[in-house]
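# What the coordinates show
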Amino acid sequence: VQLQAFGGGLVQAGGSLRLSCAASGRAFGSYAMGWFRQAPGKEREFVAAIKWAGVSQYYADSVKDRFTISRDNGKLMVYLQMNSLKPEDTAVYYCAAALVRIGLSLFSSDEYDHWGPGTQVTVSS
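Counting of residues starts from 1 at the beginning of each chain's written sequence and follows it residue by residue. Where totals are concerned, whole chains, interfaces and linings use all residues; where local detail is concerned, this predicted model gives features only for residues with pLDDT of at least 70, and gives and counts side-chain atom pairs only at 80 or more. Hydrogens and water are ignored here; the side-chain numbers use all heavy atoms of the structure.

### Notes on the sheet that holds strand 1 (residues 2–6)
- Pairs of strands are assigned from DSSP output, requiring at least two bridges between the strands. Helix and strand assignments follow DSSP, with helices taken as H or I runs no shorter than four residues and strands as E runs no shorter than two, numbered in order from the N terminus. An order of 1-3-8-7 is seen for the four strands of this open sheet, with the pairing classed as antiparallel. The open sheet terminates on both sides in strands that have one partner only, identified here as strand 1 and strand 7 (67–72). Along the sheet, successive strands turn relative to each other by an average axial angle of 15°, direction set aside.
- Alignment of strand 7 against strand 8 (residues 77–82), held across six bridges, turns out to be antiparallel. Looking at strand 8, one finds that Ser70 is bridged to Tyr79. To obtain each axis, a line is fitted to C-alpha atoms, and for helices this fit is confined to the stretch in contact; angles are then taken between N-to-C directions over 0 to 180 degrees.

### What to know about the side chain of Asp89
- Here Asp89 lies in the loop between strand 8 and strand 9 (91–99).
- Partly exposed residues are those whose accessible area sits between 20% and 50% of the maximum for their type, while under 20% is buried and over 50% is exposed, using a 1.4 Å probe and protein chains only. The exposure class of Asp89 is buried, given its relative accessible area of 0%.
- Only 2.8 Å separates the side chain of Asp89 from the backbone nitrogen of Lys86, close enough to count as a polar contact.
- The contact criterion used is simple: two residues touch if any of their non-hydrogen atoms lie within 4.5 Å. Filtering out sequence-adjacent residues up to four positions away, Asp89 remains in contact with Arg37, Arg66, Phe67, Ser84, Val121 and Val123. N or O atoms closer than or at 3.5 Å make up a polar contact, with two conditions inside protein: a donor-capable atom paired with an acceptor-capable one, and, for residues adjacent in sequence, both atoms drawn from side chains.

### Digging into the state of the cysteines
- The criterion for a disulfide is a pair of cysteine sulfur atoms lying within 2.5 Å. Applying the stated criterion across every chain, the model contains one disulfide.
- Here Cys21 connects covalently by a disulfide to Cys95, the sulfurs 2.1 Å from one another. An S-S torsion of about 55° defines the bridge between Cys21 and Cys95 as right-handed. Placement of the pair is Cys21 in strand 3 (residues 17–24) and Cys95 in strand 9, with a sequence separation of 74 residues.
- A residue is classified by how much of its surface remains accessible, and Cys95, at 0% relative accessible area, is buried.

Quick look at the structure:
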């Protein structure tokens, strides 16, 4: 699976952005998808994840109730709708794919098999 994230940009605090991740390759529906982010000088952190059927979503506490992850398996797309953005949301955002397997932890970046190049999100105060 190859991934390409896009949709980042500069936005004022309180604004919204929608990130998209386009996937190519077979068996997209067999992968859980996640969004991670990395701010300058900080480690990469989990943001959100969605299981293969799209029924279950998971969020970091810092983005819960502000961000929404979704997927369209028919279009091989994953989205991250980000509302009420804060300056601390500024980071490079990455989408990633994790092949379904027993014991998979969607919160750990080590569990993901494929990564796309990031897209920069900058939130000004």
